[in-house]
Structure formats: C-alpha cells, structure tokens
Amino acid sequence: MNQVLLEVKDLSVAFGGVTVVDRVSFSLNKGETLAVVGESGSGKSVSALSILRLLQYPPASHPSGQILFNGQDLLKVNDRILRGVRGRAITMIFQEPMTSLNPLHTVEKQIGEILELHQGLRGEKARARIVELLEKVGIREAASRLQDFPHQLSGGQRQRVMIAMALANKPDILIADEPTTALDVTVQAQILKLLKDLQAEFGMALLLITHDLGIVKRMADKVCVMQKGRVVEAGSAQELFANPQHAYTKMLLSAEPRGQPPKTDTSAEAIVDVKDLKVWFPIKRGFFKRTTGYIKAVDGLDLTLREGQTLGIVGESGSGKTTCGLAILRLIASQGEISYRGQRIDGLRSKEMRPLRKDMQVVFQDPFGSLSPRMSVLQIVEEGLVIQNPSMTAEQRRTKVAEALGEVGLDPANMDRYPHEFSGGQRQRIAIARALALQPKFIMLDEPTSALDMSVQAQVVELLGAKGGAT
C-alpha cells in the first residue's frame, strides 16, 4: 500500500469573511506527483500556501478542514513544530522568483542560510554543496555566480536558484508553484527531468501547481482540476486526459492560442531601428573592485521593426532577450544607435525621453514586482493616463480602465482591489491592461503569457493581434 504523506480534508480558506477555497480535498503519497490545475484565480496557489500556513499578508482563516502531514494536522501545530517542517520536510518553489529572493543577499548567502539552519553546514563545505546544487539546476559556471545578487540574474536563472534552495535539504514533499514559468523550453525539460530523477532517488513527493497541461501530461500521476475555489474533477492523469468528465476540464484541454501573423508591409514606417547595440556588464574582482572583464549580454545587435509588425526574440534564459528590450526602451545603459520613428533616442536624457513614453510601453516578465503593492488596480492602470492625458476627468479614466481590464478578461468591478488580492496570472493581465490603456505605437512584451493559463493565453494573443502597432 502506498504511504500517504499528505492528506488535505475539506479545506476552506477565507480572506476577510470571503471564502476563496471551498472544501478542497486531496492526498499525496510518497514518490507521487499530484498536479493541481485550473485557470488563474481558481485557488490553486492559495491551497498550496495553506499547507505551510504561509498566508499571513493578508491573514487567512480556515473555516473548515485539516492538513495532515504524517498524521499531524499542520493547521493546529505550534510555530516551533511548523518551523521544523518548513524548508526541511516540506519545501516550496514560489511562482515569482524575483520577489521571493532577498535583493540584498548574494546567491551564496541565500542558499547557505538554508544549509546552515537545517544541516549546520558552513564555510567550504557549504560552498561546495551550493555549487553542486546550482550545477544540478543548470546554472553555468556556478562557482563564479555565488556572489551575484538576484538583479544580476535573468528571470530563468532566478527561478533555478529558487529550485536549488528548495532541493537543498532533500525534502519529503516539494510544492512547486509554476516551477518552469520563467524558463525556456530546453531548461524546462532539464528541470522537469531533474525533479523526476530526485523523486526516484529520494522517494520525494511532488505537488505541482501549473496551468501548463503539457507538463501535467508528462509529469503527473494524479490530477485535481479547480474552478472558482472548488475541485470539480479529480483522478489519474491518464484517465483525465483520455476521458474528461466535467465541462470545465474539457474546455481547459481544448484551449489553445491560435492565429496568424499579419502580412508584413515592407513600406510601412520603421517604428524602431537599432544598429550595433551593445550592453556589456563589468565583472569586478578584488578588494578594490577592479574591472577584470565583461559579461556581453548584447553584443552588436541590429534590428528594424515596422508599424504593424511583430518581432519575436527567442533564446535560452540568460541569452540577452530581456536586456535587449530594456536597452531599446532606454531603461538601461547601452551603446549603439537606437531610433524611434526616425528620431535618434540613444543620446536623449530622461527628461527628453518622457514625451515618448506614451507611445512606448512595456509588460515586464515579473508581474508582481512591476505592480506597486500600495496602489489599487485602478490607480496602477490609470497612472499613465493621469500623466499623459491630464485633461481626462476621473470618471473618464475609470471608464478607460474598465475597458482595458475587460479586454484582458478581468472583472472591472475589482479595480479597487490591490495586487496581492490577485493570482499571478491575474496580475500579469493587469500589467498588460496598463500597457494597452495608452494605446501605444510600440510595446515590448517580456514573456507576456508565461503566467497565464491556456484559455487566457488565447484571449491575450488574439487581443494583441487586433491592436496593431509594433510589438
């Protein structure tokens, strides 16, 4: 008989009296992979965070239910026992690596803290183990990246550091909340294979939260499908994919982005023209931090993007894709010529760039890090309108925000809520709405659909295609 490690019984989760997860039940056996799937906002991450009682801000209540780990109810244990479970017996890979890593600590310090706390490792032994973990998760030249800070890593590299931290203590259960969202397909395959290998080696159980049904089909033994805080269908992965029963499950399985790129007009105006673009980051070593070399993130890039055109920049994480986009928008320093609609902008100061910002928008890769936690959704989306269209009244701006939110599949009635009250996928849609509200001529999208489920991906891709402009 399979050994049951985790059993969730009739779990309900509420925030301020509003129930967002309603009597969810599932179990996880040793060495087993359970995938929890559903659209953004369905309660997947909230259910997973409840297991380790991580829903503190805002505080959550549990009107009903038990979370049994090795027969012990984690909802009732004291903090001392819970600390012994967190990070050692049960670990978690969070959905947003940039906001989960401490921006003031190096990679070595962040992984080293876990090893010291739970295993007592320090010094050279700890450093050797950290290098081993980073190499396992695909960080190249791992020994040279130990002193890097999170902002010096790409989105995919930050996610791999998070995975290394989660695996450091060989946990009994690994909760992976969208673990491959920020990774390119080659590293995604590597990470998934690594997780499978670790399961076989240590008998580790995996609770996988994802919207990627391809990953579910490849990885999962069992599947729970969630909709609006409830489990609407559960069973073996093989049975669910072969014969789905619930209408919602059938919809998820059939959803897929479709569409054809518009025909290119070679005579259309060049919106962006880049020549010999270079972004080099200095490598500093020694006590005096002398420059000993450079990381050539972008080295001699040429490109032209015309009105109505879509240009895709692809490559593995760390290949310079995001750096290239940020340089074109003049958000980081670079060398080379950058022209916007025939005007050289590479030499413009910040104040001189300001009038052009209305027509040049960006959707960042990390939706939570790019949304102010102190501003409501209304304030976030209307901020550009306030600056660029000061003649608009508050009521006109509210109407415009409602239109933008509706276009990306969000309920405008929720515009007075704050980012922490939304799921990762919903936050990404807020970021897209903010960019589209100003009707830009040029928009840079950095992994715009990575956090979105398939049905919303299809909706957003169709919307972006209909907007025209250059992307």
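Here the residue numbering is sequential within each chain, running from 1 through the sequence in written order. This being a predicted model, a pLDDT of at least 70 is required before a residue's local features are given, and a value of 80 or more before pairs of side-chain atoms are given or counted; all residues contribute to the totals for chains, interfaces and linings. Hydrogen atoms and water are omitted, and side-chain values are computed over all heavy atoms in the structure.

Trainee: It is not clear to me how the side chain of Thr 91 should be interpreted in this structure. Could you clarify?
Mentor: Counting from the N terminus, the helices are DSSP H or I runs at least four residues long and the strands are E runs at least two residues long. Structurally, Thr 91 can be placed in strand β6 (residues 90–93). We classify Thr 91 as buried; its relative accessible area is 4%. Pairs of N or O atoms are called polar contacts if they sit within 3.5 Å, as long as, within protein, a hydrogen donor faces a hydrogen acceptor (for residues adjacent in sequence, only side-chain-to-side-chain pairs). From its side chain, Thr 91 meets the backbone oxygen of Ala 166 in a polar contact 3.0 Å long. Filtering out sequence-adjacent residues up to four positions away, Thr 91 remains in contact with Ala 166, Pro 171, Ile 173, Leu 174 and Ile 175. Remark: exposure states derive from per-residue accessible area (1.4 Å probe, protein chains only) relative to the maximum for the residue type, with buried under 20%, exposed over 50%, and partly exposed in between. Contacts are assigned to residue pairs with any non-hydrogen atoms lying within 4.5 Å of each other.

Trainee: Explain the pattern of salt bridges here, please?
Mentor: For side chains bearing opposite charge, pairing can occur when the charged atoms are close. Between Lys or Arg on one side and Asp or Glu on the other, a salt bridge is scored when a side-chain nitrogen of the former is within 4 Å of a carboxyl oxygen of the latter. With the rule as written, the count across this model stands at 15 salt bridges. Of the charged contacts, one joins Arg 53 and Asp 79 as a salt bridge, the two residues approaching to 3.7 Å between their closest N and O atoms. Of this pair, Arg 53 sits in the loop between α1 (44–51) and β4 (66–69) while Asp 79 sits in helix α2 (residues 79–85), and the two are 26 residues apart along the sequence. Looking at Arg 53, the relative accessible area reads 19%, which means it is buried.

Trainee: Even after reading the chapter, I still don't get helix α10 (residues 247–254), so can you show me in this structure?
Mentor: Given 3.6 residues per helical turn, the α-helix brings residues three or four places apart onto the same face. All buried positions along α10 are accounted for by Tyr 248, Thr 249 and Leu 252. Buried positions in α10, seen along its axis, are confined to an arc of 100 degrees and lie on one side of it. Residues of α10 that are buried in the fold lie against α8 (213–219), β9 (222–227), β10 (230–236) and α9 (237–242). Relevant arc is that of directions from the helix axis to the C-beta atoms, nothing else.

Trainee: Even after reading the chapter, I still don't get the nonpolar core, so can you show me in this structure?
Mentor: Nonpolar side chains tend toward joint burial in soluble globular proteins. Formed by 47 residues in total, the largest nonpolar core has its most connected members in Ile 111, Leu 134, Val 161, Leu 167, Leu 174 and Val 223. Per element, the largest residue contribution to this core is 7 residues, and it comes from helix α6 (residues 155–167). Each residue touching Leu 167, except ones within four places of it in the same chain, is listed here: Arg 129, Leu 133, Leu 174, Leu 194, Leu 195, Leu 198 and Met 204. Put simply, buried Ala, Val, Leu, Ile, Met, Phe, Trp, Tyr and Cys residues joined by side-chain atoms within 4.5 Å make one nonpolar core. Judged by nonpolar contacts, the second largest core, of 32 residues, contains Val 13, Phe 26, Val 77 and Ala 205.

Trainee: In this structure, what is going on with the packing of aromatic side chains? I would like to understand it.
Mentor: Where two aromatic rings form a pair, the distance of their centres and the angle of their planes describe that pair. Here a pair means two rings of Phe, Tyr or Trp (six-membered ring of Trp) with centres within 6.5 Å. Their orientation is stacked below 30 degrees between planes, edge-to-face above 60, and tilted elsewhere. Counted according to the given criterion, the structure contains 1 aromatic pair. A centroid spacing of 5.7 Å and a plane angle of 50 degrees characterise the contact between Trp 280 and Tyr 294, whose relative ring orientation is tilted. With a gap of 14 residues between them, Trp 280 in strand β11 (residues 270–285) and Tyr 294 in strand β12 (residues 290–306) connect regions that are remote in the sequence. The exposure class assigned to Trp 280 is partly exposed, which follows from its relative accessible area of 33%.

Trainee: Is there a simple way to explain the environment of Pro 244 in this structure?
Mentor: Among the secondary structure elements, Pro 244 is positioned in the loop between α9 and α10. In sequence terms Pro 244 and Phe 288 are 44 residues apart; their C-alpha atoms lie 63 Å from each other.

Trainee: Can you walk me through the sheet that holds β10 in this structure?
Mentor: Backbone-to-backbone hydrogen bonds pair the strands of a sheet. The strands run either parallel or antiparallel. Read from one edge of the open sheet, 6 strands run β6-β7-β8-β3-β9-β10, paired in mixed fashion. The open sheet has two free edges, formed respectively by β6 and β10, since each of these has just one partner strand. Across the sheet, the axes of successive neighbouring strands diverge by a mean angle of 15 degrees, strand direction being ignored. Whether two strands pair comes down to DSSP finding at least two bridges between them. Bridge count for β6 against strand β7 (residues 173–177) is 4 bridges, and the pairing is parallel. Residue pairing across strands places Met 92 opposite Ile 175, the latter belonging to β7. Note on method: axes are straight lines fitted to C-alpha atoms, helices fitted across the in-contact stretch only, with angles between N-to-C directions ranging 0 to 180 degrees.

Trainee: Would you explain the sheet that holds strand β2 (residues 18–29) in this entry?
Mentor: Judged by pairing direction, the sheet is antiparallel, and its 4 strands sit side by side in the order β2-β1-β4-β5 without closing on themselves. With partners counted over all chains shown, the strands left at the sheet margins are β2 and β5 (72–73), one partner each. Relative to β4, strand β1 (residues 4–15) is paired through 4 bridges, and the arrangement is antiparallel. By the bridge assignment, Val 8 is partnered in β4 with Ile 67.

Trainee: I keep staring at the environment of Val 272 and nothing clicks. Help me out?
Mentor: Relative to the helices and strands, Val 272 resides in strand β11. In this structure, the C-alpha to C-alpha distance between Val 272 and Glu 307, residues 35 residues apart in sequence, is 8.8 Å. Ignoring anything within four residues of it in the chain, the contact list for Val 272 reads Leu 303, Thr 304, Leu 305, Ile 328, Ser 339, Tyr 340 and Phe 442.

Trainee: I tried to follow the packing of helix α13 (residues 377–388) against helix α14 (residues 394–407) on my own but got confused; where do I start?
Mentor: When two helices pack together, their arrangement is given by the angle between the helix axes and by the axis-to-axis distance. Between α13 and α14, the least distance of the axes is 9 Å, while the angle of their chain directions is 115 degrees. One finds that α13 runs roughly perpendicular with respect to α14. The way α13 lies across α14 gives a crossing that is right-handed. In this structure, α13 uses Val 377, Leu 378, Val 381, Glu 382, Leu 385 and Val 386 to contact α14, whose residues at the interface are Arg 397, Arg 398, Lys 400, Val 401, Ala 404 and Leu 405. Between 65 and 115 degrees an angle is taken as roughly perpendicular, under 35 as roughly parallel, over 145 as roughly antiparallel, and anywhere else as oblique. Should the near helix be turned anticlockwise from the far one by less than a right angle, the crossing is left-handed, and should it be turned clockwise, the crossing is right-handed.

Trainee: Sorry if this is basic, but what is going on with the pairing of strand β8 (residues 205–209) here?
Mentor: Counting buried positions over the 5 residues of β8 gives 5, a clear majority of the element. Across the two faces of β8 the burial is the same, with Ala 205, Leu 207 and Ile 209 and Leu 206 and Leu 208 all buried. The sheet contact formed by β7 and β8 spans 5 bridges and is parallel. Paired with Leu 174 across the two strands is Leu 206, which belongs to β8.

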